[in-house]
Amino acid sequence: MTMGPRRPPAPGRVRVASPRTAARRFLDGTSVSQEVAEQTAVGEVMVRSLIRSQLRLALVVTAGFTCALLLFWVFVRWVPFFADWVILGIPAPWILLGVGVYPIIGACAWLYVRAATKNEDQYRDLVDGA
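Residues numbered from 1 in each chain as written. Predicted model: local features only at pLDDT ≥ 70, side-chain atom pairs only at ≥ 80, totals over all residues. Heavy atoms only, no water.

> Is there a simple way to explain the side chain of Ser-53 in this structure?
As for its placement among the helices and strands, Ser-53 is situated in helix 3 (residues 41-78). Take Ser-53: its relative accessible area is 16%, and that puts it in the buried class. Here Leu-50 takes part through its backbone oxygen, which lies 2.8 Å from a polar atom of the side chain of Ser-53. (Helix = DSSP H or I, 4+ residues; strand = E, 2+ residues; numbered from the N terminus. Buried < 20%, exposed > 50% of the residue type's maximum accessible area, 1.4 Å probe, protein only. Polar contact = N/O pair within 3.5 Å; in protein donor to acceptor, adjacent residues only side chain to side chain.)

> Please explain the packing of aromatic side chains as it appears in this structure.
Working definition: an aromatic ring pair is given by the centre-to-centre distance plus the angle between the planes. Under the definition given, this model contains three aromatic pairs. Each ring, one from Phe-82 and one from Trp-85, has its centre 5.2 Å from the other, and the planes form 65°; the classification is edge-to-face. The exposure class assigned to Phe-82 is buried, which follows from its relative accessible area of 6%. The side chain of Arg-77 reaches across the aromatic face of Trp-78, ending 5.5 Å from its centre. (Phe/Tyr/Trp six-rings, centres within 6.5 Å; stacked < 30°, edge-to-face > 60°. Lys NZ or Arg CZ within 6 Å of the ring centre and 35° of its normal.)

> Please explain the pattern of salt bridges as it appears in this structure.
Close approach of charged atoms lets side chains of opposite charge pair. On inspection of all chains with the given rule, the structure shows two salt bridges. Among the ionic pairs, Glu-44 bridges to Arg-48, the shortest N-O distance being 3.8 Å. Of this pair, Glu-44 and Arg-48 both sit in helix 3, four residues apart, roughly one helical turn. Look at Arg-48 and you get partly exposed, because its relative accessible area is 43%. Where Arg-124 meets Asp-121, a salt bridge forms, and the shortest distance between an N and an O atom there is 2.9 Å. One end of the pair is Arg-124 and the other is Asp-121, both in helix 6 (residues 101-129) and three residues apart, which spans about a single turn. (Salt bridge = Lys/Arg side-chain N within 4 Å of Asp/Glu carboxyl O.)

> Could you clarify how one ought to interpret unusual backbone geometry in this entry?
In most cases, non-glycine residues show a negative phi, while peptide bonds are predominantly trans. Within the chain, Leu-88 stands out as a residue other than glycine whose phi angle is a positive 55°. Relative to the helices and strands, Leu-88 resides in the loop between strand 1 (86-87) and strand 2 (90-91).

> Help me understand the nonpolar core in this model?
What tends to happen in soluble globular proteins is that the nonpolar side chains get buried as a cluster. One finds Phe-72, Val-76, Val-79, Phe-82, Ala-92, Leu-96 and Val-101 forming the largest nonpolar core, which totals seven residues. Those elements giving two or more residues to this core turn out to be helix 3 and helix 5 (92-98). Not counting the four nearest positions on each side in its chain, Phe-72 is found in contact with Leu-96, Leu-97, Gly-100, Val-101 and Ile-104. (Core = buried A, V, L, I, M, F, W, Y, C linked by side-chain atoms within 4.5 Å. Contact = heavy atoms within 4.5 Å.)

> Which parts of the structure should I look at to understand helix 3?
Given 3.6 residues per helical turn, the α-helix brings residues three or four places apart onto the same face. The first and last C-alpha atoms of helix 3 sit 54 Å apart over 38 residues, in line with the 56 Å expected at 1.5 Å per residue. For helix 3, every residue scored as buried is listed here: Gly-43, Met-46, Leu-50, Ser-53, Gln-54, Leu-57, Val-61, Ala-68, Phe-72 and Val-76. (Expected span 1.5 Å × (residues − 1).)

Printed below as a string of structure tokens:
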């Protein structure tokens, strides 16, 4: 018996996958909190984002406080009848600039703490949730 030409064995089943599937599997194994703790590029971006948002908030609150102080100054400087008022022997502009500033400071501080806490909570949710 003669055998004919031998055929190569049929190849087994071959799975073709995109290179992105391997990358996705790798990323699924690491969490954002690990990225931040290990100070990887992703972690640095996340922390830098939090710092930028906190800086932006500080600049906005500072600008608002400065504008409020400028409005007080304009009111004292350009409203002449106010400069003539005397309350308990103290000129009204002194009272406005000496005492009236503290509620503005308190309001700015309260708004800053509230917004900063919100920023940090959003960051924590992003890090813990991912």
